[in-house]
Amino acid sequence: MNTKENSRREFLATTLLAGAALAGCGGNPFTPDEVTDVKPSGEMVKLLSVDGEIIEVDKAFLKPVPEMPPVPNSEARVGIPGKKFAMVIDLSRCKSVKKCQSACNHMHHIHPGQNWIKVYPMQESEKTAPYWQPTTCMHCDEPPCVKVCPVDATFKRKDGIVLIDSDRCVGCRFCMAACPYSSRVFNWEEPQIEKEIADKPYSCETSVPQKKGTVGKCDFCPDMVRQGGLPHCVSACPNGVFFFGDILEDSVTNGSETFRFSELIKDKSGYRLMEDLGTKPSVYYLPPVNRNFPFENSEEKEKA
Amino acid sequence: MEKLAENKIIEDLLPQKFGKQGQIWVISLLAVCALGFYAYCRQLYYGLEVTALRDYASWGIYISNFVFFVAISLVGSLITAVLRLTDVHWSTPLTRIAEIIAVSAISFAGLIIIVDMGRPDRFYNLFTHGRLQSPIIWDVIVITTYLFISLLLLYFPLLPDLKIMIGYKERNGKYLQKLYEFLGSFWKNKPEQFKITDKAINILSVTIIPVAFAIHTVTSWLFATTYRPGWDSTNFGAYFISGAFLVGAGGVLIAMYVFRTHYKLEKYITDDHFNKMGKIVVLLALVYLYFNINEFLVPAFKMKKAEEEHLMGLFTGEFSPIFWFAISASMLVPILILVTKKGRTPKWAFFAGILVVVGSWFKRFLIVTPTLLHPFLPMHDVPKNYMHYFPTWEEWAIAGGSLAGALLVITFFARIFPIIPIHETIIETESHEKA
């Protein structure tokens, strides 16, 4: 059953990668059996093939790209070639709406109460200004978690993303002890996920479904990125706090604004967290200057 | 005359059946083990959810118990190897006690680490996907090595004793006789055989010292290779090893007293043994105290921001009662007791040994958990119960069960084999009389 499904997935993945270049139009999702039923309309469209050649296809054969099946985990370990992903978090825009967190929790089916994205109320010292600091996994270039993993369950890809293979993780939690950013969480009990999702094979790129007794964390949503989209936190944020992009292309975007990464970091004095530890994070922060919102800690008000 | 003495020695040292006390002891240990086993079944079924471990305090008493077991097992190398190689003879009656403590503790160290795993069903991944740069893999390698060397160091000196025991067929009963014959029927007391085992024991004694240092140094590196305040220390390897020798020696004091009084071995484990072991414990406690001063006073002098929360939590905060208890019980009070001549009498030494071992167990807890509860970024966006750690009954039961299991192994060993080496004792008395 499982192998059959996998081979079908791989078939879909290879055929659809070519199909992904085709523009979307109405109709049913692509399935091999249906192709024979379609009658040519005679109206041809020109398209650029994946090999860079211009080809002509009858319009009737054009199908919308269905939801991309996740890449096999062997491919997910390698990463997307020619990319080096980074995130920029603009602290001057954050007012702790936490839409990033709820979108992330929802899309990854995270256990209630646990969060991969945390939004910290920070204040360096008594006299300095408080601000909100959202944290994701830092996707370090010298990841302490990867160094200590005894079974290569957590790994660093060529595109800079650090992922977890929950089918391999033995649950020793050494990575959690090693991570100075406290970005890893553990599935202490059987995850509360609908059966339909829980029964899916685990994908390193979607980090779904989470498994009992293994570690989970922010994954930079490589499944979205592979489809040309943005991580869920980036698109969910109403204030455009999160920018995501490729350092090699030197551009980052929050969906509505796009900046040159290097200029943004230079102009706004971007920095990374705990630089002194030598972990070389892929997440950059812009300092909370000229803020869009005053700092209001409703959590503290609730407590008081 | 000499012949008589030999018979008397054998008579005194042959393993004895459990008396009423022994039976009660074994049954209560079995009960604790059974409770621990039941708790572990619950943990297997529900997951680590049944523990109080959460994302911040992700290691708790399982891991501190693991460190404790590894620590106490180092005593095997101290008594058998270090004292043997330095030509100290008074410790001969204690070698087997030390070695069985080592074997039993290191076996349970391995078990308890599996208990801590979220996916024990994937244990084989450590072999099929093991990566050599992870300190966990180093630990797996050195602990396995240590276990096998310790087993051999237990087995080789046992061979002449097996020969003696095989001679007491009726006393042994069918099953034990079979076991003794299986283990030692090839041993004929030939000079060549002695030559080979002596050589083997010497080689093993030399090799076990670096391996013993390795097991506990690597165990310390599970912590010291991370960035966290309280663990990020270059002092950690030496700090762990000195503490390990201390708790092991404390364990030997306890075992000496229990075996001596229970089996009436006053002639073999003499007052002088307590006197000498007591002095060793004082020395080891002083060394460990020295490393503790380094470990706490130097960062406390600077009070770096990240260290401050952790240190204040230990000195005056949440963990201060355990901290000061552990420091006094494992070091200060035993030193005060054992520096006096009266303190080195069996009863007092036994009491000091208990203090050392209990204090050291809590000391291991303080090494593991408080650090995790003082992360670099403040604890936030987690349920309230994630911010504290107090073990659940399942954790206590499992940890207690593992300790009871280790004691059971030692108890059964003493029931089946002579806990004091018979052959070596005979040789020692002979050479003593000649001198």
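So, a few notes on the structure that sits alongside this text. Just so we're clear, the structure is a prediction, and the values are computed from it rather than from any experiment.

1. Brief notes about the overall build of chain A
- Broken down by element type, chain A carries ten helices and 13 strands.
- Split into buried and exposed, the 304 residues of chain A put 40% on the buried side.
- Looking at chain A alone, contacts between residues at least 24 apart form 61% of all its contacts between residues at least 6 apart.

2. Points about the packing of helix α5 (residues 92-116) of chain B against helix α7 (residues 135-155) of chain B
Residue and element names in this part refer to chain B.
- Contact geometry for α5 and α7: axes closest at 9 Å, N-to-C directions at 150°. The angle between the axes of α5 and α7 places the two elements in the roughly antiparallel class. Both α5 and α7 take part in a crossing whose hand is left-handed. From α5, Glu99, Ile100, Ala102, Val103, Ile106, Ser107, Ala109 and Gly110 reach across to α7, where they touch Ile143, Tyr146, Leu147, Ser150, Leu151, Leu153 and Leu154.
- Taken together, the residues of the contact of α5 with α7 break down into eleven nonpolar, three polar and one charged.

3. Here we look at the packing of α7 of chain B against helix α11 (residues 191-224) of chain B
Residues and elements named next belong to chain B.
- Remark: α7 packs on α11, axes separated minimally by 9 Å, with the N-to-C direction vectors making an angle of 150°. By the criterion of interaxial angle, the relationship of α7 to α11 is roughly antiparallel. Seen from above, α7 lies across α11 with left-handed handedness. Taking contact as the criterion, the partners of Pro135, Trp138, Asp139, Val142, Ile143, Thr145, Tyr146, Ile149, Leu152 and Leu153 in α7 are, on α11, Ile201, Leu204, Thr207, Ile208, Val211, Ala212, Ala214, Ile215, Val218, Thr219, Trp221 and Leu222.
- A per-class count over the contact of α7 with α11 returns 18 nonpolar, three polar and one charged.

4. Thoughts on unusual backbone geometry
- Of note, the bond from valine 208 of chain A into proline 209 of chain A is cis; its omega dihedral lies within 30 degrees of zero at -10°.
- A positive phi angle, near 45°, is found at asparagine 290 of chain A, a position not held by glycine.
- A tally of 7 C-beta atoms within 10 Å means that asparagine 290 of chain A is categorised as exposed.
- The residue asparagine 189 of chain B is not glycine, and still its phi comes out positive at about 60°.
- When you line up the elements, asparagine 189 of chain B lands in the loop between α10 (174-184) and α11.

5. Digging into the interface of chain B and chain A
- Taken together, the contacts link 35 residues of chain B with 37 residues of chain A.
- No other element matches the three residues that α7 of chain B contributes to the side of chain B that touches chain A.
- Among the residues making up the side of chain B that touches chain A, the classes are represented as 17 nonpolar, eleven polar and seven charged.

6. Concerning the nonpolar core
Residues and elements named next belong to chain B.
- If you look at the biggest cluster of nonpolar residues, it comprises 190 residues, and the most contacted ones within it are Val75, Ile101, Val252 and Val281.
- The element best represented in this core is helix α12 (residues 236-263), accounting for 16 residues.
- Excluding anything up to four places from it in sequence, valine 252 contacts Val75, Ile79, Leu94, Ile97, Ala98, Ile101 and Met277.

7. Focus: the pairing of strand β1 (residues 44-48) of chain A
Residue and element names in this part refer to chain A.
- In terms of burial, β1 is a largely surface element, zero of the five residues being buried.
- Summarising the sheet, β1 and strand β2 (residues 54-58) pair through five bridges and their orientation is antiparallel. Within the sheet, the bridge partner assigned to leucine 47 lies in β2 and is isoleucine 55.
- Here β1 hands over to β2 after five residues, with glycine 52 in that stretch at a positive phi of 90°.

8. Some remarks on the pairing of strand β10 (residues 242-246) of chain A
All names here are of chain A.
- For β10, the tally of buried residues reaches four of five residues, placing the bulk of the element in the interior.
- Inspection of the sheet shows strand β3 (residues 85-90) paired to β10 by five bridges, in the antiparallel sense. The residue bridging phenylalanine 85 from the neighbouring strand is aspartate 246, located in β10.
- Where β10 and strand β11 (residues 251-253) come together, three bridges link them in antiparallel fashion. Counterpart to aspartate 246 in the pairing with β11 is serine 251.
- What sits between β10 and β11 in their antiparallel hairpin is a turn of four residues, with aspartate 250 showing a positive phi close to 60°.

9. Regarding the sheet that holds strand β12 (residues 258-260) of chain A
All names here are of chain A.
- Pairing is mixed across the open sheet formed by five strands, whose spatial order is β12-β11-β10-β3-β13. Each end of this open sheet is capped by a strand with a single partner; those strands are β12 and β13 (283-286). Geometrically, the sheet is characterised by an average inter-axis angle of 25° between neighbouring strands, direction not taken into account.
- For β11 and β12, the ladder comprises three bridges, and the chain directions are antiparallel. Looking across to β12, one finds that valine 252 is bridged to phenylalanine 259.

Cut-off values and rules
- Residues numbered from 1 in each chain as written.
- Chains lettered and ligands numbered in written order.
- Predicted model: local features only at pLDDT ≥ 70, side-chain atom pairs only at ≥ 80, totals over all residues.
- Helix = DSSP H or I, 4+ residues; strand = E, 2+ residues; numbered from the N terminus.
- Buried ≥ 20, exposed ≤ 12 C-beta atoms within 10 Å, placed from the backbone.
- Contact = placed C-beta atoms within 7 Å.
- Axes fitted to C-alpha atoms, helices over the stretch in contact; angles between N-to-C directions.
- Parallel < 35°, antiparallel > 145°, perpendicular 65-115°, else oblique.
- Left-handed = near helix turned anticlockwise from the far one by under 90°.
- Nonpolar A, V, L, I, M, F, W, Y, C, P; charged D, E, K, R; others polar.
- Core = buried A, V, L, I, M, F, W, Y, C linked by C-beta atoms within 7 Å.
- Pairing = 2+ DSSP bridges.

Any functional reading would require information that these geometric values do not contain.
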